[in-house]
Amino acid sequence: MAGFQSFLYSGIGCTLGTLFLVGCQSQTSLVGELPSPNFSGPVAVQPAARPLPPIVKIQPVAPVKVTPPKVAVAGVPRGWVPPVAARSWQAIVIHHSATPVGGAARFDREHKEKGWDELGYDFVVGNGTDTGDGQIEVGSRWTKQKIGAHAKTPDNWFNEHGIGICLVGNFDGGRPTPAQMRSLAKLVAYMMRTYHIPADHIVGHGDTKATDCPGRLLNVADVRQMAAQILVAEGVSPAGNPRTASSREMLTDVKEK
Ligand SMILES: [Zn+2]
C-alpha cells in the first residue's frame, strides 16, 4: 500500500514502452495541436501543452477479509465466482477497446501477439460484433485470479488490486450501448458487494494514467450511480461498503426510481 501512496502521474504523453503495456490505444495527434504557422519571422514552434487528465487520488484502505462465495449464487453467472482463492480486489478499472469490433478471443490473440501472457482484462463486455450486445465474457486471468495486465502504473497498483473490465467500442466516437451499460453496472455492483469495493474506487483507465481510455463518452460517474442503484435495490445498505465516506454518500444519495 505504501507503494500506491507514492503513485504519481509522472509524464506527458505515452512512451512507446507504455503503449506496449496498456490494453487500449492512445489516439492523440499532436499535428492538430500545433499553433498556426507565423510567416512574419522565425518562431520557435512548440506543441501546445496537453491538458493533464484528472488523476484519481484513491486513498489506500484497510484490507478487508474477503470470503467470496465458493459456488455460484442465484442470478450470478458461475464464471464470476473464481474457482480458486480470490485476490483481495480493491478497485475496478474500466476500459474501452478503442476498436469498433472485438471480444475476449480476439483481444486475447492481440495481447499474445504483443508478447503478453494472455488477455489483459478480467472481463469483456460485447457490443454485438464478436459477441452479443451486453454479453459479459470472463477472461482467463480472472478464472486463475492472476493480477491484471490492463492498467500499468509505476507501482502497478491498479493491475495488482483492480479488476479490469473492457467494453468493446470506441467511446470517443460513440456511446456504449444501453445493454453494455446495464451489464457493466450489474458486474460492477456484484464486484462492489462481493469484494467490498467502495464507489469511489470505480475508475476509468484515464483516472490512473495519461490515456484517452475509456473515451470521453463513457461516463464513469453514470456507472457508479447505476451500480449503486442495483445495490440499493438488492437491499445492500451503505454499511455494506463501509470503507469511505464518499461511498456512503454515494449510496445514500441514490433515489430509487
Ligand atoms: Zn484502457
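Not measured: the values here are computed from a predicted model. (Residues numbered from 1 in each chain as written. Predicted model: local features only at pLDDT ≥ 70, side-chain atom pairs only at ≥ 80, totals over all residues. Heavy atoms only, no water.)

### Brief notes about the sheet that holds strand 1 (residues 91-96)
Our working definition: Between any two strands, pairing holds if DSSP finds at least two bridges. Numbered from the N terminus, helices here are DSSP runs of H or I no shorter than four residues, and strands are runs of E no shorter than two. Helix axes are fitted to C-alpha atoms over the stretch in contact, other axes to C-alpha atoms as well, and angles between N-to-C directions run from 0 to 180 degrees.
Across the sheet, five strands lie side by side as 3-2-4-1-5; this open sheet has mixed pairing. Here the strands that pair on one side only, and so sit at the sheet edges, are strand 3 (133-138) and strand 5 (202-204). For this sheet the average axis-to-axis angle between neighbouring strands, irrespective of direction, equals 25°. Here three bridges tie strand 1 to strand 5, and the two strands are oriented parallel to one another.

### A short note on the nonpolar core
Condition: Here, nonpolar core refers to any group of buried Ala, Val, Leu, Ile, Met, Phe, Trp, Tyr and Cys residues whose side-chain atoms link them within 4.5 Å. Partly exposed describes any residue whose relative accessible area lies between the buried limit of under 20% and the exposed limit of over 50%, with all areas from a 1.4 Å probe on protein chains only and scaled to the type maximum. In what follows, residue pairs with any heavy atoms lying within 4.5 Å of each other are defined as contacts.
Counting 32 residues, the largest nonpolar core has Ile 92, Phe 123, Ile 163, Ile 165, Val 188, Met 191 and Ile 202 as its most contacted members. Counting only elements with at least two residues in this core, the list comes to strand 1, strand 2 (123-127), strand 4 (162-167), helix 6 (178-195) and helix 7 (220-233). Looking at this core, the element that brings in the most residues is helix 6, giving nine residues. Leave out the neighbours within four places in its chain, and Ile 165 touches Ile 92, Val 93, Ile 94, His 95, Phe 123, Val 125, Leu 184, Leu 187 and Val 188.

### Details of the pairing of strand 3
Two strands pair when backbone bridges link them, and strand 2 and strand 3 are joined in this way by four bridges, in the antiparallel orientation. Along strand 3, the bridge assignment pairs Phe 123 with Val 138.

### Topic: the pattern of salt bridges
Put simply, the rule is: Salt bridges are identified by distance alone: a Lys or Arg side-chain nitrogen within 4 Å of an Asp or Glu carboxyl oxygen.
Summed over the entire model, instances satisfying the criterion amount to seven salt bridges. For Asp 117, the salt bridge identified is with Lys 146, shortest N-O distance 3.0 Å. Of this pair, Asp 117 sits in the loop between helix 3 (104-113) and strand 2 while Lys 146 sits in the loop between helix 4 (140-144) and helix 5 (157-161), placing them 29 residues apart in sequence. A relative accessible area of 42% means that Asp 117 is categorised as partly exposed.

### Quick notes on helix 3
Since the α-helix packs 3.6 residues into each turn, any two residues three or four apart lie on the same face. This is how it is decided: As used here, the arc is the angular range of directions from the helix axis to the C-beta atoms.
Inspection of helix 3 places Ala 104, Phe 107, Asp 108 and His 111 among the buried residues, and these make up the whole buried set. Angular distribution of buried residues about the axis of helix 3 spans 105°; they occupy a single face of the element. Tucked into the core, helix 3 has its buried residues touching strand 2, strand 3 and strand 4. With its phi angle positive at about 100°, Gly 115 sits one or two positions after the end of helix 3.

### Topic: unusual backbone geometry
Along the chain, Cys 213 connects to Pro 214 via a cis peptide bond; the corresponding omega equals 5°. Inspection of the secondary structure assignment puts Pro 214 in the loop between strand 5 and helix 7. Phi is positive for His 196, which is not a glycine, with a value near 55°. Inspection of the secondary structure puts His 196 in the loop between helix 6 and strand 5. Under the relative-accessibility criterion, His 196 is labelled partly exposed at 24%.

### Examining the packing of aromatic side chains
In plain terms, the rule: Between 30 and 60 degrees the pair is tilted, below 30 it is stacked and above 60 it is edge-to-face, where a pair is any two Phe, Tyr or Trp rings, Trp via its six-membered ring, whose centres lie within 6.5 Å. Here, a charge over a ring means that NZ of Lys or CZ of Arg falls within 6 Å of the ring centre while also lying within 35 degrees of the ring normal.
Summed over all chains, the structure comprises six aromatic pairs. Ring plane angle 90° and centroid distance 6.1 Å describe the contact between Trp 142 and Tyr 195, whose orientation is recorded as edge-to-face. Taken together, the residues Trp 142 in helix 4 and Tyr 195 in helix 6 connect sequence positions 53 residues apart. Relative accessible area serves as the criterion here: at 0%, Tyr 195 is assigned to the buried category. Geometry around Trp 89 places Arg 87 over its ring, the cationic atom sitting 5.8 Å from the centre.

### Digging into the confidence of the model for the protein chain
Formally: The predictor attaches a confidence to each residue, called pLDDT, with possible values from 0 through 100.
Across the protein chain, pLDDT averages 78, with 63% of residues at or above 70. The low-confidence segment residues 1-23 (pLDDT under 50) makes 42 contacts with residues lying over four places distant or belonging to another chain. Here residues 242-257 is modelled with pLDDT under 50, and outside its nearest four sequence neighbours on either side it reaches 32 contacts, counting other chains as well.

### So, the environment of Gly 102
Within the secondary structure layout, Gly 102 lies in the loop between strand 1 and helix 3. The spatial distance from the C-alpha of Gly 102 to the C-alpha of Val 124 is 9.1 Å, given a sequence separation of 22 residues.

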